[in-house]
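# Secondary and tertiary structure notes
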Amino acid sequence: MKPRVWVAYTGGTIGMVPSASGYVPAPGFLARLRQALPQLDAPTVPDFELYEYAELLDSANMRPDDWNRIAADIAARHDAYDGFVVLHGTDTMAYTASALSFMLEGLRKPVILTGSQIPLCEPRNDARDNLLDALILAGHCGIAEVCVAFNGVLLRGNRTTKVKAEGLGAFESPNLPPLAELGIDIRIHRERVRAPAALPFRLRPFGDAEVAALRLFPGIRADFLRRALAEPLAGLVLEAYGAGNGPARDPDVLAALTQASARGVVIVVVTQCLEGRAELGTYAAGSALAAAGCVGGQDMTAEAALTKLAYLFAEGLSAAEVRAAIRCDLRGELSAG
Ligand code: ASN
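Anyway, here's the lowdown on the structure attached to this text. These numbers were taken from a predicted model, which means no experiment stands behind them.

Around the ligand, the surrounding shell consists of Gly-12, Thr-13, Met-16, Asp-58, Ser-59, Gly-89, Thr-90, Asp-91, Ser-116 and Gln-117. Within the side chain of Asp-58, an N or O atom sits 2.9 Å from a nitrogen atom of the ligand. At 2.9 Å from a nitrogen atom of the ligand is found a main-chain nitrogen or oxygen belonging to Ser-116. For the ligand, the protein covers 91% of the area, taking 270 Å² as the surface of the free molecule.

Right, dumping it as structure tokens:
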């Protein structure tokens, strides 16, 4: 019997059509898909059911309530299908993949996000291959993780970041090699795949704790930082330089961070670099951030750090508990230093 895959079509370029103001998401994707892809009936392609969301989004419009909806829809069907595909825009796919990885605790099935850089309606497109790869992986790979399948690689979702606005290889996971490579054969690197958690499957929806991200830049002013850190902010991902360094020469900036941390704002430092980790003790300019109460996010992406903060606050943890948990590997989102 063929495996059964549930496909959620949320929008994104993959299903877009041209309009006067540029590409827009369009309903009726299943019919267009069947027409464009006669191979869908091939014996190697799983059976699938496609669910089209009522409001199809350019993923630039995705919000945490959309993540909650997608997670709840997968959770409701977790036991009934062999795997899941989420068709999604590329702009915020790394955020949704990271969010789903935290929300779907004890996941037992593959959840594969994909999309494309060129819509299916164009004669030259990457939609066809990405979609077929995602369907086949969801039905057959046996990887019980939230992943991104794109341009011939399968990446752990919460390690993924969008690295190209125009190229077809839009995603990389710079701190973790791919879980699988799709060449002539599909090569799965089983040693990189996480075993399912010992916990039973459970949905962990996000609440409304306010979390945000801010990229440091030379000349950042303390009053700007103070406004960003003002109530009701619960957590901030501070994208710092290199190994987790900041403008330690500016006592007002350090005071703004120290005061916010003392009020209970959790400030997680990640690196602006694509590769490597934020370790706050490497330079004095990083130790000063630690002294101001910030925690090093190690080699997490900014996307993973932001959604992990949202997840931990939704679990009802105190600021001290969130600071401790943020450094723990919960879903394969970080490597121990
Ligand atoms: N703006 C599009 C989106 O994120 C980009 C894409 O999917 N390639 O929905």
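To continue, consider unusual backbone geometry. Cis geometry marks the peptide bond from Glu-231 to Pro-232; its omega dihedral reads 5°. Tracing the backbone through its elements, the reader meets Pro-232 in the loop between helix 5 (222-228) and strand 16 (233-240). In the Ramachandran plot, Asn-151 falls in the positive-phi region, its phi being about 50° despite a non-glycine side chain. Note that Asn-151 resides in the loop between strand 8 (146-150) and strand 9 (153-156). The residue Gln-298 is not glycine, and still its phi comes out positive at about 55°. When you line up the elements, Gln-298 lands in the loop between strand 18 (295-296) and helix 8 (302-314). For Gln-298, a relative accessible area of 5% gives the class buried.

Attention now moves to empty space enclosed by the protein. Within the structure shown, the criterion is met by one cavity of 30 Å³ or more. Roughly 60 Å³ of volume is contained in the largest cavity. Forming the boundary of the largest cavity are Thr-10, Tyr-53, Glu-55, Leu-57, Met-62, Asp-66, Arg-69 and Ile-70. Among the secondary structure elements, those contributing two or more residues to the lining of the largest cavity are strand 4 (47-57) and helix 2 (64-77). Of the residues in the lining of the largest cavity, the class split is four nonpolar, one polar and three charged.

Judged by pairing direction, the sheet is mixed, and its eight strands sit side by side in the order 4-1-5-7-8-9-12-13 without closing on themselves. Since the sheet does not close on itself, it has two edges, and those belong to strand 4 and strand 13 (186-188), each with one partner. Pairs of neighbouring strands in the sheet enclose a mean axial angle of 20°, with direction left out of account. Alignment of strand 1 (residues 4-11) against strand 5 (residues 83-87), held across five bridges, turns out to be parallel. When the bridges of strand 5 are listed, Trp-6 appears paired with Phe-84. In the packing of helix 2 onto the sheet, the strands contacted are strand 1, strand 4, strand 5 and strand 7 (111-114), and the crossing angle to strand 4 comes to about 155°.

The next point concerns the pattern of salt bridges. Two side chains of opposite charge can pair, provided their charged atoms sit close to one another. Under the criterion given, the structure shown has 19 salt bridges. Linking Asp-73 and Arg-77 is a salt bridge whose minimum nitrogen-to-oxygen distance equals 4.0 Å. Taken together, the positions of Asp-73 and Arg-77, both in helix 2 and four residues apart, correspond to about one turn of that helix. A relative accessible area of 23% places Arg-77 in the partly exposed class. Salt-bridge contacts for Glu-333 lead to Lys-308; the nearest nitrogen and oxygen are separated by 2.6 Å. Within this pair, whereas Glu-333 is found in the segment after helix 9 (319-325), its partner Lys-308 is found in helix 8, the two being separated by 25 residues in sequence. Of the two residues, Glu-333 and Lys-308, neither departs from the other in class, the shared state being buried. Ionic contacts of the salt-bridge type, sharing partners, join the residues Glu-105, Arg-204, Glu-315 and Arg-331 into one network.

To continue, consider the nonpolar core. Counting residues in hydrophobic clusters, the biggest one holds 84 residues, and the most contacted among them are Leu-100 and Val-111. If one sorts the elements of this core by residue count, helix 8 sits on top with nine residues. Not counting chain neighbours up to four residues away, the residues in contact with Leu-100 comprise Trp-67, Ile-70, Ala-71, Ile-74, Val-86, Val-111, Leu-113 and Val-146. If you look at the next biggest cluster of nonpolar residues, it comprises 24 residues, including Ile-220, Leu-233, Ala-288 and Ala-292.

Calculation rules
- Residues numbered from 1 in each chain as written.
- Predicted model: local features only at pLDDT ≥ 70, side-chain atom pairs only at ≥ 80, totals over all residues.
- Heavy atoms only, no water.
- Near = heavy atom within 4 Å.
- Polar contact = N/O pair within 3.5 Å; in protein donor to acceptor, adjacent residues only side chain to side chain.
- Areas by Shrake-Rupley, 256 points an atom, 1.4 Å probe, with all protein chains shown as cover.
- Helix = DSSP H or I, 4+ residues; strand = E, 2+ residues; numbered from the N terminus.
- Buried < 20%, exposed > 50% of the residue type's maximum accessible area, 1.4 Å probe, protein only.
- 1 Å grid on protein atoms, 1.4 Å probe; cavity = no way out; pocket = protein on both sides within 12 Å on 5 of 7 lines; lining within 4 Å.
- Points joined across faces, edges and corners; volume = space filled by probe spheres on them.
- Nonpolar A, V, L, I, M, F, W, Y, C, P; charged D, E, K, R; others polar.
- Pairing = 2+ DSSP bridges.
- Axes fitted to C-alpha atoms, helices over the stretch in contact; angles between N-to-C directions.
- Contact = heavy atoms within 4.5 Å.
- Salt bridge = Lys/Arg side-chain N within 4 Å of Asp/Glu carboxyl O.
- Core = buried A, V, L, I, M, F, W, Y, C linked by side-chain atoms within 4.5 Å.

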